[in-house]
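The chain contents come next:
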Amino acid sequence: MPAENTSELLKHYEVYETIGSGGFAKVKLGRHLLTGEKVAIKIMVKKDLGDDLARVKIEIEAMKNLSHQHVCRLYHVIETSSKIYMVLEYCPGGELFDYIIAKDRLSEEETRVFFRQIISALAYVHSQGYAHRDLKPENLLIDEDQNLKLIDFGLCAKPKGGLGYELMTCCGSPAYAAPELIQGKAYIGSEADVWSMGVLLYALLCGFLPFDDGNCMVLYRKITRGKYSNPQWLSPASILLLNNMMQVDPKRRLTVRQLLYHPWVMKGYSTPVEWHSKHPLGHIDEDCITEMAVAFKQSRHCTIQLVSEWKYDHTTATYLLLLAKKRQGRPVRLRAECPVLDPTYSPLLDIQLKKNLRFSEDDDGVHPVVLGSMVFPPDCYDDENPWTPLMPKNTHTTNTPRMKHTSETSEKRNELGHSPFIDQGRPRPYKPETRDRMRENKENLAMTSTNGDVFALPPPRTPMCSRKARPNRTEVTTPNNITNTSSDTNKGVGSASKDMSQRRNLDQQQSSQQGELEILAFSPERRSRSLDLAGCKVDSGPKRKGAKVFGSLERGLDKVITMLTPSKKRGPRDGPRKIKAQYNVTLTSQTNADQVLNQILSVLPEKNVDFVQKGYTLKCHTQSDFGKVTTQFELEVCILQKPEVVGIRRQRLKGDAWVYKHLVEDILSTSSI
Ligand code: ADP
């Protein structure tokens, strides 16, 4: 049964800012309360998914079956009446794509390090009977140890007869799609993956795509011909490898097995690529079991039984996150002060909370967030709406009719028992307008084509194909509306762990007084940044009524207080941030940050880029003719420490990776900095 609302998520995780968004999901940073570990929370709104609900199910099932050092690990799946949450291993290093463009291109040696990991992941995924079918640098994330993790299994296929069986569905991103796919021929999933790996390898070594064109038909023609240029910096060995991977005839293409010990891949290494899982599924770790048994006050036997069910519930998440800690050489310890372990924690009270409170997001992101008497515009919490600063506002603005609509929809769905994981009996009719990446996933869904359109390749995943239209919003400067009127709020500081049940009651009282309440949490990293934003422009947004605090004051209020108090003291930032050189920072030869900022500001309008300025950060977005936000990114003028020159930090948040790359390059070169 799906949970009624978000309380199941918030019971176990703190939820922070958006760290990425794809065609289907928004991904937020989170923290697992019991272990203290950071996680990525992939959030999907069921009503937005439509037919793609099946894709989510495929992704979840595949990720449950995959456990490998180069595949992002799934920890926990939470389904509510309106949303699906996938709690995933957090990869703080960002997308391989951003790494490539930050460096222009990678050296052969660095490419080899990454490419061996990609081969390892793919050899494992194929050995488990899956073809990924959407390989590209945006779907490879970098973890804290600079290792790659493969994500996004929504388009994967596991043919019933094994990977040698032919597939028919044309899916994936056109620039990486094999010729047989775009021609609508039957194809072998692993062979198509090798082609995509060839395109990926080329992108790593060259910094651009082998087959590229704004016009889909021209792009398809280029792919079908299989002709691309070899830049002069490619070594003969690289040229040969690329050529053997991007063979138009799939039977002449290298196989992943051959890649494991290919001379180019082996250069400088004494062993072939290790593709076996270092963390095989089903292994039970004694230390983690002991810690869980002690914390949950249950026998080891009982704990082993619970963990072995692999339900991808909180038990699975706790176990896997403890295991992750152990593997990193950190103590296998749960946090004793966590509410879930608190003796005063009452499940009954929790059920009450679930009834009274709702945490809701609309398709623009999170609704106004209220804590005690504080209301935060959705963009404090969420980056989906272009671009409002992380600024608190006063309580009594709030809430959109859309929120009501969402909850009504959810309730209706509840009544009807519509859940992707319950109501899977009937195939849903294909709605061409709903998706840009997958028309039908025939192999996985065992659905028959109703429209004969199985082979037509969807348009590229460019900004123009982005699904959600964003309303234009007006930015209003409201630097002074940080208010903290709740004396109760202040009282609560520091007593969080002492009087939890009292707090919960307070929670409920407040929620019934104020209606629905929501929790705001910024990641620790972002909290400090949000402090700098006092005095900046705030999106007035549509005025929203009746936002309410979501319970858990013991966590939420303390956070808000610590977050806000210093901001009052500090006031607006008066200079650019000083940062260390990072791969996503472009160095300039200039030393005057204001001059650089002004140069960029003067160029943005001519590139049709809308922006909101917050100090030295420009939150930029582009829109389609229909007002749809197509690309979102940040440019921040900062001072580098060594050498002390002006740098521009870039970050893509939404939209086609290559379009973003070209746009930012264009902005920076036109700004002549
Ligand atoms: P979709 O299925 O909608 O395409 P993705 O799974 O590709 O969504 O996620 C969208 C983006 O969110 C990714 O490109 C990445 O930037 C970010 N992201 C996804 N998973 C993680 C993760 N585990 N850790 C960090 N960031 C992530």
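Keep in mind that this is a model prediction, so the values were computed, not measured.

Of regular secondary structure, the protein chain possesses 24 helices and 22 strands. For the protein chain, long-range pairs separated by at least 24 residues make up 71% of all intrachain contacts whose partners lie at least 6 apart in sequence. When the accessible surface of the protein chain is totalled, it reaches about 26,800 Å², and 52% of it is carbon and sulfur.

Right, let's get into the sheet that holds strand 5 (residues 83–89). As summarised here, the arrangement of the five strands in space is 1-2-3-5-4, forming an open sheet in which the pairing is antiparallel. At either margin of the open sheet sits one strand with a lone partner, and together these are strand 1 (13–21) and strand 4 (74–79). This sheet shows a mean twist of 25° between the axes of neighbouring strands, independent of strand direction. As paired elements, strand 3 (residues 38–45) and strand 5 share seven bridges and run antiparallel to each other. Considered in strand 5, the bridge of Ile41 is made with Val87. Against the sheet, helix 3 (residues 53–64) engages strand 3, strand 4 and strand 5, with an angle of about 30° to strand 5. Contacting strand 1, strand 2 (26–32), strand 3 and strand 4, helix 14 (residues 314–327) runs over the sheet at an angle of about 155° to strand 4.

So, about the packing of aromatic side chains. Across all of its chains, the model carries ten aromatic pairs by this definition. Here Phe208 and Trp233 contribute two aromatic rings whose centre-to-centre distance is 6.2 Å and whose plane-to-plane angle is 80°, an arrangement assigned as edge-to-face. Of this pair, Phe208 sits in the loop between helix 7 (189–206) and helix 8 (216–225) while Trp233 sits in the loop between helix 8 and helix 9 (236–245), and the two are 25 residues apart along the sequence. By relative accessible area, Trp233 is classed as partly exposed at 33%. The ring centre of Trp264 lies 4.4 Å from the NZ or CZ of Arg112, which sits over that ring. Here the basic side chain of Arg116 rests over the ring of Tyr269, its NZ or CZ set 3.7 Å away from the ring centre.

Moving on to the packing of helix 4 (residues 96–103) against helix 24 (residues 657–670). The relative placement of two packed helices is expressed as an angle between their axes plus a distance between the axes. For the pair helix 4 and helix 24, interaxial distance at closest approach is 11 Å and the crossing angle is 25°. One way to sum up the angle between helix 4 and helix 24 is to call them roughly parallel. The way helix 4 lies across helix 24 gives a crossing that is right-handed. Residues Phe97, Asp98 and Ile101 of helix 4 form the contact with helix 24, whose own contacting residues are Ala657, Trp658, Tyr660 and Lys661. Taken together, the residues that form the contact of helix 4 with helix 24 break down as five nonpolar, no polar and two charged.

Okay, the site of the ligand next. In the neighbourhood of the ligand, 23 residues make up the surrounding shell, with Phe24, Lys42, Arg55, Glu89 and Glu95 lying closest. Measuring from an oxygen atom of the ligand, one finds a backbone N or O atom of Phe24 at 2.8 Å. At 2.9 Å from an oxygen atom of the ligand is found a main-chain nitrogen or oxygen belonging to Ala25. Protein chains bury 94% of the 550 Å² of accessible surface belonging to the ligand in isolation. When contributions to the shell around the ligand are tallied by element, the ones reaching two or more residues are strand 1 and strand 3.

Attention now goes to the confidence of the model for the protein chain. Per-residue confidence for the protein chain gives a mean pLDDT of 71; residues scoring 70 or more make up 63%. With pLDDT under 50 throughout, residues 345–572 is counted as low confidence; its partners more than four residues away or in other chains account for 551 contacts.

Thresholds, definitions, all that
Each chain carries its own residue numbering, running from 1 in the direction its sequence is written. Residues qualify for local features only when their pLDDT is at least 70, as the model is predicted, and side-chain atom pairs are given and counted only at 80 or more; totals for whole chains, interfaces and linings, by contrast, use all residues. Heavy atoms throughout the structure, all of them, feed into the side-chain values; hydrogens and water do not. Runs of H or I in DSSP of at least four residues are treated as helices and runs of E of at least two as strands, each being numbered from the N terminus. Contacts were defined at the residue level, with two residues in contact if any of their heavy atoms lie within 4.5 Å. We get accessible surface area from the Shrake-Rupley algorithm with a probe of 1.4 Å; when it comes to residues, only the shown protein chains can shield them. Here a strand pair is declared whenever DSSP counts at least two bridges between the two strands. Lines fitted to C-alpha atoms define the axes here, with helix axes fitted over just the stretch in contact, and angles between the N-to-C directions of these axes take values from 0 to 180 degrees. In this scheme Phe, Tyr and Trp rings, the latter by its six-membered ring, pair at centre separations within 6.5 Å, and the angle between planes marks the pair as stacked below 30 degrees, edge-to-face above 60, and tilted otherwise. Remark: exposure states derive from per-residue accessible area (1.4 Å probe, protein chains only) relative to the maximum for the residue type, with buried under 20%, exposed over 50%, and partly exposed in between. Any Lys NZ or Arg CZ found within 6 Å of a ring centre and within 35 degrees of that ring's normal is scored as a charge over the ring. For this classification, under 35 degrees means roughly parallel, over 145 means roughly antiparallel, 65 to 115 means roughly perpendicular, and everything else is oblique. Crossing handedness is defined as follows: a turn of the near helix away from the far one that is anticlockwise and smaller than a right angle gives a left-handed crossing, while the clockwise case is right-handed. Amino acid classes used here: Ala, Val, Leu, Ile, Met, Phe, Trp, Tyr, Cys and Pro are nonpolar; Asp, Glu, Lys and Arg are charged; the rest, including Gly, are polar. Nearness is defined per residue: one heavy atom within 4 Å of the molecule or strand is enough. Under this definition, polar contacts are N or O atom pairs within 3.5 Å; protein pairs additionally need one hydrogen-donor-capable and one acceptor-capable atom, and for neighbouring residues in sequence, both atoms have to be side-chain atoms. Looking at any residue, its pLDDT shows the predictor's confidence there, from 0 to 100.

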